[in-house]
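# Observations on chain architecture
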Amino acid sequence: QSVAFRPEHVLWLGKQVAQFMPHAEFIPFSDVDLPIPHERLKTSWPSWWAKMEALSRLPNHDVLMLDIDVALVNPWLGMSAPSGKAYHPRVNAGHRPIYGGWQLSSPEFRHEVSTHFAKDPERHIEESRGCDQKYLIQYFKDSIIDLNHVRPDLCVSYALQALPYGLWPQTSFVLFHGLPRPWEVEDRHPWIQKLAA
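Residues numbered from 1 in each chain as written. Predicted model: local features only at pLDDT ≥ 70, side-chain atom pairs only at ≥ 80, totals over all residues. Heavy atoms only, no water.

### Let's talk about the sheet that holds strand 11 (residues 173-175)
Spatially, three strands are ordered 4-11-10 in an open sheet, and the strand pairing comes out mixed. Each of the sheet's edge strands pairs with one partner strand only, and the pair in question is strand 4 (71-72) and strand 10 (155-157). Pairing of strand 10 with strand 11, which is carried by three bridges, proceeds in the parallel orientation. Across the sheet, the residue bridging to Ser157 is Leu175, located in strand 11. Docked against the sheet, helix 7 (residues 158-165) engages strand 10 and strand 11, running at close to 90 degrees with respect to strand 10. (Pairing = 2+ DSSP bridges. Helix = DSSP H or I, 4+ residues; strand = E, 2+ residues; numbered from the N terminus. Contact = heavy atoms within 4.5 Å. Axes fitted to C-alpha atoms, helices over the stretch in contact; angles between N-to-C directions.)

### Remarks on the sheet that holds strand 5 (residues 86-88)
In a beta sheet, neighbouring strands are held together by backbone hydrogen bonds and run either parallel or antiparallel to one another. If you trace the four strands from one edge of the open sheet to the other, you get 3-8-5-9, paired in mixed fashion. Edge positions in the sheet fall to strand 3 (63-66) and strand 9 (144-146), since each of these pairs with one other strand and no more. On average, each strand axis in the sheet is inclined to that of its neighbour by 25 degrees, with strand direction left out of account. With four bridges connecting them, strand 3 and strand 8 (residues 102-105) associate as antiparallel partners. Pairing of Met65 across the sheet is with Gln103, part of strand 8.

### Considerations on empty space enclosed by the protein
Applying the stated criterion to the full structure yields one cavity of 30 Å³ or more. Size it by volume and the largest cavity reaches roughly 130 Å³. Lining the largest cavity are 14 residues, and of these Lys51, His88, Gln103, Asp132 and Leu136 sit closest to its centre. If you list the elements that add at least two residues to the lining of the largest cavity, you get helix 2 (50-57), strand 8 and helix 5 (132-140). (1 Å grid on protein atoms, 1.4 Å probe; cavity = no way out; pocket = protein on both sides within 12 Å on 5 of 7 lines; lining within 4 Å. Points joined across faces, edges and corners; volume = space filled by probe spheres on them.)

What follows is the structure, given as structure tokens:
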């Protein structure tokens, strides 16, 4: 639960997963009750650090983890992550790359990250100044594969690509890194599912 995201936003994402990835199992993690099956968070790690708990509890196969404000726009049949690795799209924004919003990970990668983080979560949160991307790059850069080298058309940034240039026919995911949120601009783009739909 946060100021930015509410249960209706989880349902919004779940409807898109059902539409564009009908064979996938949608497992939201939440610290509040949801009207759909979900996993309750047990830790009180702040903000996106809850992903670290989710990494330790996900099924023992490749898993796609999505931020709640990712817009799905086309079907995606999936792909596999090499053992011990994870795919992240890389978006060059300002002075540093952004790796957040989308992660396809192997069970081995998730085990290594969650085990390392759980040994001293407070220190990692503090030294990364609250940014899980900095943490992943510092400790697991060699285990992260830049998705853009494999499928540059699969995930695009809303602000840097979709807004100024439009979407590729092969694009399945549009990443919103902060503001605006997709439901704030849904009337401007027919490919964004309406929040109230």
